[in-house]
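# Topology and contacts: notes
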Amino acid sequence: MLSADEALERLRLGNRRFVSSGPTLERLGSHREREHLAAGQHPFAIILGCSDSRVPVELIFDQGFGDLFVIRIAGNIVAPSQVGSIEFAAERFGTRLVVVLGHSRCGAICATLEELRRPSQKQSRNLRSIVDRVRPSVEGLLATELRHNEEALVETAVRANVRASASHLRRGSEVLEQLIQSDGLRVIGAEYSLESGRVDFFDRT
Ligand SMILES: [Zn+2]
């Protein structure tokens, strides 16, 4: 299995290929490759990304079948089932890199900011459960000068939310904490730009 640093380098190179020439078609996989993978998987990275249709994780990292263990949920939030999925992959497959991947102009972030400014009574309980997870990391920004600049506000909120999710994964699970301390697991935060296609790995503590 690749180390966290090697896995990060592979993602970085894959994204560079995607930006410069689009996804490599061979990565989409042959029948033979699929049959081979039926026997077992060894994904080299775990990605917690947003469900947004414009952020197809395997494509933006130019990876194929069996390469990435992907969890997608609106706003790349961390709830118990996401933590459980990540624990499962890290323990079962020995995967050593977890990336929380946010993206520019995220609808879940915009919806949360909207809800904080004009609370609605009609929002479904289920949708509210997502907004409530984003809220703590973006709420404070509305009290700053950023509130006068919508674009900068959303940009900052997207990154704050990624940082919060990454930090939750580093500290909110005994299993992951243990793997970080003694087995080289790393959790890092990144942002995908809808405009340029580039991924910036900005939270690498
Ligand atoms: Zn999104």
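Residues numbered from 1 in each chain as written. Predicted model: local features only at pLDDT ≥ 70, side-chain atom pairs only at ≥ 80, totals over all residues. Heavy atoms only, no water.

## Comments concerning helix 1 (residues 4-21)
Relative to the 26 Å expected for 18 residues at 1.5 Å per residue, helix 1 spans 26 Å between its end C-alpha atoms, a close match to the ideal helical length. Taken together, the buried positions of helix 1 are occupied by A4, A7, L8, L11, G14, N15 and F18. One side of helix 1 carries all its buried residues, which in axial view fall inside an arc of 125°. Exposed side of helix 1, more than 90 degrees from the buried face: R16, S20 and S21 are the residues found there. Buried residues along helix 1 sit in contact with strand 1 (45-49), helix 3 (57-60), strand 2 (68-72), strand 3 (97-103), strand 4 (186-192) and strand 5 (199-203). (Helix = DSSP H or I, 4+ residues; strand = E, 2+ residues; numbered from the N terminus. Expected span 1.5 Å × (residues − 1). Buried < 20%, exposed > 50% of the residue type's maximum accessible area, 1.4 Å probe, protein only. Arc of directions from axis to C-beta. Contact = heavy atoms within 4.5 Å.)

## What to know about the coordination of the zinc ion
Summarising the metal site, the zinc ion is bound by the protein donors C50 (SG), H103 (NE2) and C106 (SG), whose distances to it range over 2.1 to 2.3 Å. For the zinc ion, the single-chain donor residues occur in sequence as C-x52-H-x2-C. One end of the pair, C50, is in the loop between strand 1 and helix 3; the other, H103, is in strand 3, and 53 residues separate them in sequence. On the basis of relative accessibility, which here comes to 6%, the residue C50 falls in the buried class. (Donors = N, O, S within 2.8 Å, 3.2 Å for Na, K, Ca; no water.)

## A word on the packing of aromatic side chains
Under the defined criterion, the tally for this structure stands at 4 aromatic pairs. Where F88 meets F93, the ring centres are 5.7 Å apart and the plane angle is 90°; that geometry is what we call edge-to-face. Linked through ring pairs, F69, F88 and F93 together constitute an aromatic cluster. Taking the ring centre of F44 as reference, the NZ or CZ of R10 above it sits at 4.2 Å. Looking at R159, its charged tip hangs above the ring of F202, at a distance of 4.2 Å from the centre. (Phe/Tyr/Trp six-rings, centres within 6.5 Å; stacked < 30°, edge-to-face > 60°. Lys NZ or Arg CZ within 6 Å of the ring centre and 35° of its normal.)

## Comments concerning the pattern of salt bridges
Applying the stated criterion to the full structure yields 13 salt bridges. Note that R105 and E195 form a salt bridge whose closest N and O atoms lie 2.5 Å from each other. Of the two residues, R105 is situated in the loop between strand 3 and helix 5 (107-117) and E195 in the loop between strand 4 and strand 5; the sequence distance between them amounts to 90 residues. A relative accessible area of 52% places R105 in the exposed class. One salt bridge in this structure joins E191 and R159, with 2.6 Å as the shortest N-O distance. (Salt bridge = Lys/Arg side-chain N within 4 Å of Asp/Glu carboxyl O.)

## What to know about the packing of helix 5 against helix 6 (residues 125-138)
The angle between the axes and the distance between the axes are what describe a pair of packed helices. The geometry of helix 5 relative to helix 6 is characterised by a closest axis approach of 9 Å and an angle of 80° between their N-to-C directions. Here helix 5 is positioned roughly perpendicular relative to helix 6, judged by the angle of their axes. Of helix 6, the residues touching helix 5 (which contributes I109, T112, L113, E115 and L116) are R128, V131, V134, R135 and V138. (Axes fitted to C-alpha atoms, helices over the stretch in contact; angles between N-to-C directions. Parallel < 35°, antiparallel > 145°, perpendicular 65-115°, else oblique.)

## Description of unusual backbone geometry
Phi angles above zero are rare outside glycine, and D62 is one such case at about 50°. For D62, the position within the fold is in the loop between helix 3 and strand 2.

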